[in-house]
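Spelled out from the first residue to the last, the chains are:
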Amino acid sequence: MPEKNQVCRAEITDISSDGNGVCRIDEMAVFVPMTAVGDVIDVKIVKVQKSFAFGIIDSIITPSPDRITDSCPVYKTCGGCQLRHISYEAECRMKQSVVENSFRRIGGIEAEYDSFIAADTCSRYRNKAQFPVANVGGRAVCGFFAPRSHRLIPVTDCGLQPEVFTEILKVCMEYINKKHISAYSEESHSGIIRHIYLRRGAHSGEIMVCIVVRKEISRQLAPLCRILEERFPSIRSIVMNINPERTNVILGSRCVTLSGSDVITDVMCGNTVEISPLSFYQVNTVQAERLYAKALEYAAPKDTDIIADLYCGAGTIGLSMAEKCGKIVGVEIVPEAVENAKRNAKLNGIHNAEFYCGDVGKVFAELREKGCCPDIIVVDPPRKGCSEETLAVIADAAPEKIVMISCNPSTAARDAAWLSQNNYSAVKICGADLFPRTRHVECIVCIQKTEKKEGSKS
């Protein structure tokens, strides 16, 4: 059994779902960040648990063929990217493996796997950036928190964000320092500027600047608004979000529009959508459109079908299917998102969509009692997946088909396994990369109704 601070030679044979390389020392799995399958390394053990350990690279003896050199100066410390040290081809293989292993090992599911949806570009693809602000060396700086810490790594130009974000950040930080507006301190719950939060329509090019503050400072920010609008014609909205709470949650509930519109617009799957500071909107628009196209392919609705869109957010998935079906019924717990969904439907002249606010399982159960009988259910839950209560309501509705979209293959596999014990079967699965150079991977699952099994719960 390896011991802490011991240095051992080993070969990386796999990559875990969180992006760490895996090797074995004395039959124990050791997880080592920034490694690639095929690396032969001297690994220093830094932490030992009962059945596994963590290590760091002491030296690389033989580099993997997948290993590359990346130009980002901060990725090893900022924590935003975990996979910049391997080729994108290797990254896609790893992510496809994560999807397949999740469904086979966790769900016990064998299904047909469609071709992995890789991205055309690994850089500048994000339409949203949230930069925490802190006092470093007597100046307000922005950047990202190092992994598992609240130690700020100064960054203005992130290779995943549009270049215009870099220029906007520089103007904001210069103004904040020139006017001596203090950066927020989590430790003392003092200071004012908490985050600089930027959004951009990938197709429209419209930009929103949202400055997250501990208290109201509209007058102090008014000159900054004029400067930003003069220098960046694409800025359509400048918003101050007020978050007075002692919390690491980024946004507060109150937004004050300082200049321009309350929202920006973009186009998603041919529909115009409004985006507010509190709206959920996929950060990689082009890949999200491919993801939703695959979901539509799996749903294959008839023009009379009723589709229930659960965890519908701002309605982008359901609205992308509205033209192909008889009716969309969306349910979402976030009130602002439901209002966004209703406005987006109206904005695009979509009249066969209804949206309801509340706990997904409870609201959908109430809709079922009132006679809502969907032919297809589309479900896009948070990372924790669906509750068993929600799954039970879904199974009880007995749709012919369920299309599950998930940002966590592990919980998707668990939920698909539950449904497989309740008269459903996962028949097709597709992985999709919405977050190149990071460990995150999405998947879409086509689940079809089967003959009722004896002893099943539904």
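Residues numbered from 1 in each chain as written. Predicted model: local features only at pLDDT ≥ 70, side-chain atom pairs only at ≥ 80, totals over all residues. Heavy atoms only, no water.

A. Region of the structure containing the layout of surface pockets. Empty space within the second largest pocket amounts to approximately 470 Å³. Lining the second largest pocket are 24 residues; nearest its centre among them are Asp-14, Ile-15, Ser-16, Ser-17 and Asn-101. Mapped onto the lining of the second largest pocket, the elements with two or more residues apiece are strand E2 (14-15), strand E3 (21-25), strand E4 (28-32) and helix H2 (88-106). Looking at side-chain class alone, the lining of the second largest pocket contains 12 nonpolar, 7 polar and 5 charged residues. (1 Å grid on protein atoms, 1.4 Å probe; cavity = no way out; pocket = protein on both sides within 12 Å on 5 of 7 lines; lining within 4 Å. Points joined across faces, edges and corners; volume = space filled by probe spheres on them. Helix = DSSP H or I, 4+ residues; strand = E, 2+ residues; numbered from the N terminus. Nonpolar A, V, L, I, M, F, W, Y, C, P; charged D, E, K, R; others polar.)

B. Representation of the packing of aromatic side chains. A complete count under the given rule lists 4 aromatic pairs for this structure. Judged by centre distance (6.0 Å) and plane angle (40°), the ring pair of Phe-31 and Phe-54 falls under tilted. Here Phe-31 is found in strand E4, whereas its partner Phe-54 is found in strand E6 (residues 52-62), with 23 residues between them in sequence. Ring geometry for Phe-52 against Phe-54: centres 5.6 Å apart, planes inclined by 90°, an arrangement best described as edge-to-face. According to the relative accessible area criterion, Phe-52 is partly exposed, its value standing at 27%. The exposure class of Phe-54 is partly exposed, given its relative accessible area of 29%. Aromatic rings pair up to connect Phe-31, Phe-52 and Phe-54 into one cluster. The ring of Tyr-184 carries Arg-194 above its face, with NZ or CZ at 4.1 Å from the centroid. (Phe/Tyr/Trp six-rings, centres within 6.5 Å; stacked < 30°, edge-to-face > 60°. Buried < 20%, exposed > 50% of the residue type's maximum accessible area, 1.4 Å probe, protein only. Lys NZ or Arg CZ within 6 Å of the ring centre and 35° of its normal.)

C. A look at the nonpolar core. Core analysis: the largest hydrophobic core is formed by 86 residues, its most contacted members being Ile-168, Ile-193, Ile-196, Val-209, Leu-228 and Ile-444. Looking at this core element by element, the count peaks at 8 residues for helix H3 (residues 163-178). Of all hydrophobic cores here, the second largest spans 48 residues; its members include Tyr-311, Val-393, Leu-419 and Ile-447. (Core = buried A, V, L, I, M, F, W, Y, C linked by side-chain atoms within 4.5 Å.)

D. Focus on H2. Its 19 residues place the ends of H2 26 Å apart at the C-alpha level, agreeing with the 27 Å of an ideal helix rising 1.5 Å per residue. Within H2 the residues assigned to the buried category are Tyr-88, Ala-90, Glu-91, Cys-92, Met-94, Lys-95, Gln-96, Val-98, Val-99, Glu-100, Ser-102 and Phe-103. (Expected span 1.5 Å × (residues − 1).)

E. The pattern of salt bridges, seen in detail. Enumeration according to the criterion identifies 19 salt bridges in this entry. It is possible to trace a salt-bridge network through shared partners that takes in Glu-91, Lys-95, Asp-433 and Arg-437. (Salt bridge = Lys/Arg side-chain N within 4 Å of Asp/Glu carboxyl O.)

F. Region of the structure containing the side chain of Asn-408. Mapping Asn-408 onto the fold places it in the loop between strand E21 (401-406) and helix H10 (409-420). What makes Asn-408 buried here is its relative accessible area of 14%. In terms of polar contacts, Asn-408 uses its side chain to reach the backbone amide nitrogen of Ser-410, at 3.1 Å. (Polar contact = N/O pair within 3.5 Å; in protein donor to acceptor, adjacent residues only side chain to side chain.)

G. A look at the pairing of strand E8 (residues 128-136). Pairing between E8 and strand E11 (residues 193-200): 5 bridges, direction antiparallel. From the neighbouring strand, Lys-128 faces E11, where its bridge partner is Arg-199. Pairing geometry for E8 and strand E9 (residues 139-145), over 4 bridges, is antiparallel. Across the sheet, Asn-135 pairs through a bridge with Ala-140, a residue of E9. The hairpin formed by E8 and E9 contains 2 residues between the paired strands, and Gly-137 there has a positive phi angle of roughly 65°. (Pairing = 2+ DSSP bridges.)

H. Structural view of the pairing of strand E1 (residues 7-11). Where burial is concerned, the two faces of E1 differ: the one with Cys-8 and Ala-10 is buried and the one with Val-7, Arg-9 and Glu-11 is not. Judged from the 5 bridges that link them, E1 and strand E5 (residues 40-48) form a sheet pairing that is antiparallel. By the bridge assignment, Glu-11 is partnered in E5 with Val-40.

I. Spotlight on the side chain of Thr-390. With respect to the secondary-structure elements, Thr-390 resides in helix H9 (residues 388-397). Of the residues examined, Thr-390 reaches a relative accessible area of 5% and is grouped as buried. Looking at Thr-390, its side chain comes within polar contact range of the side chain of Ser-387, at 3.0 Å. With residues near it in sequence (within four places) discarded, Thr-390 still touches Tyr-311, Val-360 and Gly-361. (Contact = heavy atoms within 4.5 Å.)

J. Spatial organisation of the sheet that holds E6. Reading across the sheet, the 6 strands line up as E1-E5-E6-E4-E3-E2 and stay open at both edges, with mixed pairing between neighbours. At either margin of the open sheet sits one strand with a lone partner, and together these are E1 and E2. Pairing geometry for E5 and E6, over 8 bridges, is antiparallel. Bridge pairing in E6 links Val-43 to Ile-57.

K. Structural context of the packing of H3 against helix H4 (residues 218-231). At their nearest, the axes of H3 and H4 sit 11 Å apart, and the two run at 150° to each other. When the interaxial angle is binned, H3 and H4 end up roughly antiparallel. When the axes of H3 and H4 are compared, the crossing they make is right-handed. Contacts from Ile-168, Val-171, Cys-172 and Tyr-175 of H3 reach H4 at Gln-220, Pro-223, Leu-224, Ile-227, Leu-228 and Arg-231. For the contact of H3 with H4, the residue count by class is 8 nonpolar, 1 polar and 1 charged. (Axes fitted to C-alpha atoms, helices over the stretch in contact; angles between N-to-C directions. Parallel < 35°, antiparallel > 145°, perpendicular 65-115°, else oblique. Left-handed = near helix turned anticlockwise from the far one by under 90°.)

L. Looking closely at the packing of H9 against H10. Axis separation between H9 and H10 bottoms out at 11 Å; the angle between their running directions is 45°. On the basis of the axis angle, H9 is oblique to H10. Once H9 is placed against H10, the crossing between them reads as right-handed. In this structure, H9 uses Glu-388, Leu-391, Ala-392 and Ala-395 to contact H10, whose residues at the interface are Asp-415, Trp-418 and Leu-419. Looking at the contact of H9 with H10 residue by residue, the class counts come to 5 nonpolar, no polar and 2 charged.

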